[in-house]
Structures are given as C-alpha cells and as structure tokens.
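One-letter residues, chain by chain:
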Amino acid sequence: ESTQFTNTMSPQRTLLSLLALILTILTLSLSAKDVELSVNAQQKEVPFRTAPGVDVNDPITSFESVESILEKYLPEKELAQFRRIFYGKGSLPLSVPNQKEIEQIADKENFEFRAESVVQNTHEESSRPRRVVRIGAIQNAVTTPTTEPIKVQKKALIDRLEVMIDAAGKAGVQVLSLQEAWTMPFAFATREKNPWMEFAEDAEHGESTQFIKRKARQWNMVIISPILERDSAHADTIWNTAVVIGNHGNYIGKHRKNHIPRVASFAEATYYLEGNTGHPVFETAYGRIAINICYGRHHPLNWQAFALNGAEIIFNPSATVAGLSEGFWAVEARNAAIANNVITVAINRVGTEWFPREFTNGTGGKARRDFGHFYGSTYLASSDGSRTNGLSRVRDGLLVVDADLNQNQHVRDSWMFQNTARFGLYAKFLTNFVRHDFKPQIIRDPAMERRSASTLEHHIRDD
C-alpha cells in the first residue's frame, strides 16, 4: 500500500513542485525587473538640464531656480501672495516672432529661452504713445577647458554667443546685453597674468567688437559687449570695459568699471583699477542706456549717478558666485530700479570654471582650482518694483522682456522721489565727508556721560 500510495501521488507532487518552482522563478524575475527598471529610471532621470560640468548632487547646484522651488512647494494661493510681495505686479508670458523656431534652437543648443512682458503694468496715456522696447540679456558658461589655447577658448565663446545672439535677433530684441567679460573665463581669482592677459583687446577695433558690430548690424540691435580692454593709446593699460555698439553696427562708446572688488577670490585689482569714464549714458535708437558693471551694484550712488544722468535702462553685467553674494542678488537690482525710477537688468554668468593651478581666496580656506559656482539667475526689474522670473542657476539662458519706458515717468510722478530728494543737503554732507578733517555728526546722550563718570568714581573708591 505504501508503494502504491507513493506511486499514485508522485505525479501530483511533481506538478505542485514544478508550479512552485515556476512561481518562484517568476517572482524573482519580476523583482529583478522592477529593480532594473528602478535603477534605470534613477540613472535616466534628470530633474532639469544644466550646463556641462554642473553637479546636481551638490546642494548649491541641486535646484534650477528659486522659482522652481516656490512652484513645487507653495500652494497656489500662497505662491500668489509671495509673488505679490517679492515680485510686485510681476510679468506675463510674451509671444515673440519665430517662437517655435527659437524654442527648438534653445532645446538643441541647451539654453533656456524665457520671454516675458511687464508692459501691462504701465497704464496707457492719452497724450503720447507707449514706448515699448524689447530688452534681452544672455547668461552663459565657458565652453572649453581653460587649459586650451586662448584662441580656441575665445573662438568657442564667440561661436556659442553667435547662436544665442541670433536667437535674440529672431525674437525681435532691440537692446541686448551680454555678461561681464563674456569673451573669457573669469580668471581674475588666479592672480596670474599669463595667459589670461591675452584675452584683452582694443575696445573699438578688437576681435569681439568686430563680431558684435556684425551681429548688431544684422539684427538692427543695440548690443552691450563687456570685455577685458587693452588701451593701446595709453601704454596698454588694462580695463574692465563695456563696449556699446549701435543698431547700425557702429561703435557708440564705452564705459569702464567704476568699482573694483577686493573681497574673497575677487582680486581684480591685480589686473585693472577703477575706471575713468564717469557715469556715461548712451542715447540709442531704443532709449537711453547705462552700464553699471558688476561690483558697482553694491554702491547705491553708482546707480543713482547713472539715473540722474538720464538713463532709462541700467544694465548690470556681472560675474558672481553662490557662496558670496547670492543673498544680495534678488534685492539689489530691484531696489535700484525702485529708488531711481529706472529699468534695471541684472545679468550673471553661469557654471563652474576650473583653472590649471590652485589658488587661495585670502579667507583662510584651502587652495582650490575653481572660483565657485556662478549662479546665473538673470532678471529684469522695472521702476514700480515689478520683476521677471529669473533665468536658471545652472544653465545658459536668454531672457527677453518687453517694457514700456513711459513707466519710469509714471512712477516719478506718483512717488516723487526726485522732488523730495535733498540733493543739496547730500552734496554738502559728502563734500565735508571727503575732507581729511571730517568729524561725524554724532550727538551723545548726556546720561551716558553721567553714567561713565559715576562708574569711574565707583572704581576709584574701590581702588
């Protein structure tokens, strides 16, 4: 019976065993597949596009923009209130000519394209038409290693900028500004003269100026081109200079950086000193413009001087890094727009630039080969305190904004900052302040004197 039972049950047991084995194999196979899919998804998942070399695992570069964080975590109602306070009336999406083509170019060439308008924040007048100007700003990373020959580095940047300038031209931009020292890596932290001085060129006839003249003429566009200038007429002096090219491809003029930083790695005085061009305003076919180069944005009087000279738009081409100034960035240009009743455009380069040899920044930190992360975030602010969204912190970008220059006068009429200013009072104070024998106007609390005398008498008795 035992043998018969075993023989009759063997096929059933065998079948059950086979089914159990198949289920086990399927389970393991599906689990492995799930793991593989999960790993592949993690490998393929990129939260946002970046410039080459940006590490999204670094906390500093782990997010694309302030706006992306706000939109991700703030509910719609709260986000609207945040924007009302920190962005004013804000901006609206702008439709531009050739938009689909530009978006395709931007996608292919890996740069952000953002088009917005603040025109709607300015009321229409019955006595004069709107003065709408289309403003553009470009931020970009360096495109080749800094170990490459200077000619190779410069050509690569010119080629890169040509694509982005052409996109601006297709969008109908009328006034365009590039970032500070766009023709080169921002090598001034290294304190080395060789080979970086080779990037310096003549402001009016240099290689980059000839290129910008051609682009300006092609697109009927005014272009601001900040470069490292070599002034051959004055013993080859070096300057940090913004060249202004008119919409006919003509040289209009230049402005040299007024304020030179001496903070952290920004040892720019090793290469050039404070500019000597004052606060020029350039009257162009599209409005009166000025350029407050980089570090000058920390000086309120620098903004004010350009505005008092008649500027309607003040560009701030910059190169600044996350560990140093990002907390200032969203405040300074917007504040300058409000205080001076002008449009301001803050432009910052993007990415991390590595150099052949280590250098220190004078703050006790370890020697390193990079300056830090240039955080982009280019934006425009208008005289009523409204501002656009910022460009990416980690990627090249083109910002295009329509603005009505009439708004500057509307805000002046409303707030009367110029009428209520006490320029004579300030002039008298500053005249005294620059004297070697200046004494601050401090009125000391008499009670403090009595307390000091009482304390001194108490100590004398104790002694």
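Read on for an overview of the structure. (Residues numbered from 1 in each chain as written. Predicted model: local features only at pLDDT ≥ 70, side-chain atom pairs only at ≥ 80, totals over all residues. Heavy atoms only, no water.)

### Examining the packing of aromatic side chains
- Under the defined criterion, the tally for this structure stands at 20 aromatic pairs.
- An aromatic cluster of three or more residues is present, and its members are Phe186, Phe188, Phe266, Tyr271, Tyr272, Phe371 and Phe374.
- Over the face of the ring belonging to Tyr379 we find Arg387, whose NZ or CZ atom lies 4.0 Å from the ring centre.
- The cationic tip of Arg393 hangs over the ring face of Phe63; the distance from NZ or CZ to the ring centre is 4.1 Å. (Phe/Tyr/Trp six-rings, centres within 6.5 Å; stacked < 30°, edge-to-face > 60°. Lys NZ or Arg CZ within 6 Å of the ring centre and 35° of its normal.)

### Observations regarding the pattern of salt bridges
- Tallied over the entire structure, the rule returns 31 salt bridges.
- Measuring nitrogen to oxygen at the nearest pair gives 3.3 Å for the salt bridge that ties Glu112 to Arg114.
- What makes Glu112 buried here is its relative accessible area of 12%.
- The partner of Asp437 in a salt bridge is Arg435, and the shortest N-O contact between them spans 3.0 Å.
- A residue is classified by how much of its surface remains accessible, and Asp437, at 39% relative accessible area, is partly exposed.
- Each of Glu162, Asp166, Arg214 and Lys215 takes part in a single network of salt bridges with overlapping partners. (Salt bridge = Lys/Arg side-chain N within 4 Å of Asp/Glu carboxyl O. Buried < 20%, exposed > 50% of the residue type's maximum accessible area, 1.4 Å probe, protein only.)

### Focus on the packing of helix 5 (residues 150-170) against helix 6 (residues 207-219)
- Between helix 5 and helix 6, the shortest axis-to-axis distance is 11 Å and the interhelical angle comes to 15°. For the element pair helix 5 / helix 6, the angle class is roughly parallel. In the packing of helix 5 onto helix 6, the handedness of the crossing is right-handed. Residues Lys154, Ile158, Leu161, Glu162, Ile165, Asp166, Gly169 and Lys170 of helix 5 form the contact with helix 6, whose participating residues are Glu207, Phe211, Ile212, Arg214, Lys215, Gln218 and Trp219.
- Across the contact of helix 5 with helix 6, the residue classes tally to six nonpolar, two polar and seven charged. (Axes fitted to C-alpha atoms, helices over the stretch in contact; angles between N-to-C directions. Helix = DSSP H or I, 4+ residues; strand = E, 2+ residues; numbered from the N terminus. Parallel < 35°, antiparallel > 145°, perpendicular 65-115°, else oblique. Left-handed = near helix turned anticlockwise from the far one by under 90°. Contact = heavy atoms within 4.5 Å. Nonpolar A, V, L, I, M, F, W, Y, C, P; charged D, E, K, R; others polar.)

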